[in-house]
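Listed below, chain by chain, are the residues.
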Amino acid sequence: MQSISGGVCAAKGYTTNGVLCRIKPTRSTPDLALIVSETPANAAAIYTQNLVQGAPITVTKSHLQNGKAQAVIVNSGNANTCNADGIAVAQRMCELVQEHVGIAGGDVIVASTGVIGQPLPVQKIEAGMAELVAGMGRENDKAAAAIMTTDTFPKQSAVEFTLPCGTLCRVGGMAKGSGMIHINMATMLAFITTDLAISSEMLQQTLKECAEGTLNMVTVDGDTSTNDMCCVLANGMAGNAEITGEGAALDAFRAALMTVLTELSRMLARDGEGATKLLICQVSGANTVQDCRLAAKAVVASSLVKAAMFGGDANWGRELCALGYSGADLDVTKIGVRFSSAAGDITVCENGTGVPFCEDVAAKILAEEEITIHIAAGNSEHAATAYGCDLTYDYVKINGDYRT
């Protein structure tokens, strides 16, 4: 398996484009994107667990009941959430794909991101559809930009891998997310494509499994969005025999999907609103994988830990505090903590108590843009990794006037 270029269009049979419709009047970059598979695809998706859900979630769930899709239409600048006409607008977006591309509206996934509680001006999307479709191709920079809100850079990843039968396959994707991101489903929008032939049932199972260790381990600010969605299209154009159960072929796909989702997860955390540092928490040795996940999530979600990392303060007691309320089954008398970065590695806690360390060395380590917090929680083989970012003054600035 190796990383390749191409993002969401790396796999065979996918084209995309993005255009500016000025859904949000002040917008100056693309805000409407379309992804199309050359052939009908098996599809799977996971969604936000927030009880308040955007209209696109409702429509997409309905469309994916048969496990099939061929296109994705997505806008930024408006979440189409908590609107009286939300369902009708989301359905209209799917109808527009049918009118301009010829794909049945019921085979379209629809997604929206942006401000909640403001009507989505679908007439602007109608006006932009001709340009959107005319520019469809394998160059995907405009589409990756079109799904961004407060993101500072587009997020794409792709890999190619070979099945045991010798067939070369590809998995690629793009994602958006910078704020309103917390561990509770996918915590952003992510669109994954593959040319692998795999049943909808196995695709759904594998997506859910991989998300648990990647997308569900990302947090920026403790707020779970109303519009979170991660979907996968598998059009089968690689030509392999369809994967319908466990085995070496599914293992190969699982590893590829994990790689793409891990890379996207790192990007999402690194681009947290106002963030200056990517925080990675690796927990090992707890009694179960779930305990490791709970512990890692609690550490990167802690506002006090995030603030300390922003200030370069090796205040390891904050990690211990977060572990204590995480809900993980831990023996706190055996906890060890160390920090590492490109500048070095330093141990600050062993067996639940502090050890002497040089504050100046620690400060240099924590001054780097990527910091790993290592938590030793026992002797088991279980481990988990969570992704987060520091908490800065700019986070408040960005969200103080996000709507206006």
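Scroll up to find the structure.
First, a word on what this report is: a plain description of the structure on this page. Just so you know, these numbers come straight off a predicted model, no measurement behind them. Per-chain numbering applies: the sequence of each chain, read as written, is numbered from 1 onward. Since the coordinates come from a predicted model, pLDDT governs what is reported: local features require at least 70, and pairs of side-chain atoms require 80 or more to be given and counted, while whole-chain, interface and lining totals use all residues. Side-chain calculation: all heavy atoms of the structure are included, whereas hydrogens and water are not.

Helix and strand assignments follow DSSP, with helices taken as H or I runs no shorter than four residues and strands as E runs no shorter than two, numbered in order from the N terminus. When helices and strands are counted, the protein shows 11 helices and 15 strands. Here the globule rule reads 2.2 Å times residues to the power 0.38, and the radius of gyration is calculated from C-alpha atoms. Here the C-alpha atoms of the protein give a radius of gyration of 21 Å, agreeing with the 22 Å that 2.2 N^0.38 yields for 404 residues. Counting only C-alpha atoms, the protein reaches 70 × 55 × 35 Å along its principal axes. Whether two residues are in contact is decided by their heavy atoms: any pair within 4.5 Å suffices. When contacts within the protein are restricted to residue pairs at least 6 apart in sequence, long-range pairs at least 24 apart make up 80% of them. His is not counted here, nor are the chain ends, while Lys and Arg score as positive and Asp and Glu score as negative. Where a charge lies is defined by one atom per residue type, namely NZ (Lys), CZ (Arg), CG (Asp) and CD (Glu). When the 27 positive and 41 negative side-chain charges of the protein are each reduced to one mean point, those points stand 3 Å apart.

Once that is clear, we can look at the side chain of Lys155. Along the chain, Lys155 falls in strand S6 (residues 155-162). In protein, a polar contact means a hydrogen-donor-capable atom and an acceptor-capable atom, both N or O and within 3.5 Å, with residues adjacent in sequence counting only if both atoms are side-chain atoms; elsewhere, any N or O pair within 3.5 Å suffices. Engagement of the side chain of Lys155 in a polar contact is seen with the side chain of Asp151, the distance being 2.7 Å. Engagement of the side chain of Lys155 in a polar contact is seen with the side chain of Asp271, the distance being 2.7 Å. Apart from residues lying up to four places away in sequence, Lys155 is in contact with Gly173, Met174, Ala175, Gly177, Leu264, Met267, Leu268 and Asp271.

Here the term buried applies to any residue with accessible area under 20% of the maximum for its type, exposed to any over 50%, and partly exposed to those in between, with areas from a 1.4 Å probe on protein chains only. Here strand S8 (residues 189-194) lies mainly inside the structure; 6 of its 6 residues are buried. Burial along S8 is two-sided: the face carrying Leu189, Phe191 and Thr193 and the face carrying Ala190, Ile192 and Thr194 are both buried. In this description, strands pair whenever DSSP reports at least two bridges between them. Strand direction decides the pairing type here: S8 and strand S9 (residues 229-234), joined by 6 bridges, are parallel. If you follow Ile192 over to S9, its bridge partner there is Val232.

Turning to unusual backbone geometry, a few remarks are in order. Notably, Arg22 is not glycine yet its phi reads approximately 55°, a positive angle. Of note, Arg22 is situated in the loop between strand S2 (14-19) and strand S3 (32-47). One non-glycine residue, Cys82, lies in the positive phi region at around 60°. Secondary-structure assignment places Cys82 in the loop between strand S4 (68-78) and helix H2 (86-101).

Gaps left between atoms are located by rolling a probe of water-molecule size over the structure's atoms. Within this model, the second largest pocket holds a volume of roughly 150 Å³. Both site types are read off a 1 Å grid over the protein atoms alone. A 1.4 Å probe that fits but cannot get out defines a cavity, while an open set with protein on both sides within 12 Å along at least five of seven lines defines a pocket; lining residues have an atom within 4 Å of a point. Looking at the second largest pocket, it is lined by 15 residues, and the ones nearest its centre are Gly336, Arg338, His374, Ile375 and Ala376. Among the secondary structure elements, those contributing two or more residues to the lining of the second largest pocket are strand S10 (278-284), strand S11 (336-341), strand S12 (344-350), strand S14 (370-376) and strand S15 (383-389). Grid points are joined across faces, edges and corners, and a volume is the space filled by probe spheres set on the points.

Only a pair of cysteine sulfur atoms within 2.5 Å qualifies as a disulfide here. For the structure on display, the rule yields 0 disulfides. Free of any disulfide, Cys21 has its nearest neighbouring cysteine sulfur in Cys94, separated by 15 Å.

Our next topic: helix H8 (residues 303-311). Burial in H8 covers these residues: Val305, Lys306, Ala308 and Met309. Within H8, the buried residues cover an arc of 160° as seen down the axis, which keeps them to one side. Residues of H8 that are buried sit in contact with S10, helix H7 (289-301), helix H9 (317-325), S11, S14 and S15. In the segment just after H8, Gly312 is the residue with positive phi, at about 70°. Arc definition: it is the arc formed by the directions from the helix axis to the C-beta atoms.

As a further point, take the pairing of S14. Where burial is concerned, most of S14 is hidden: 5 out of the 7 residues are buried. The sheet contact formed by S11 and S14 spans 5 bridges and is antiparallel. What sits directly across from Phe339, in S14, is Ile373.

In this section: the sheet that holds S11. An order of S13-S12-S11-S14-S10-S15 is seen for the 6 strands of this open sheet, with the pairing classed as mixed. This sheet does not close on itself; its edge strands, each paired only once, are strand S13 (353-354) and S15. When S11 meets S12, the two strands line up antiparallel, connected through 5 bridges. Bridge pairing in S12 links Ser341 to Gly344. Of the strands in this sheet, S10, S14 and S15 touch helix H6 (residues 248-270), which is tilted by about 35° from S15. For helices, the axis comes from a line fit to the C-alpha atoms of the stretch in contact; other axes are also lines fit to C-alpha atoms, and the angle between any two N-to-C directions lies between 0 and 180 degrees.

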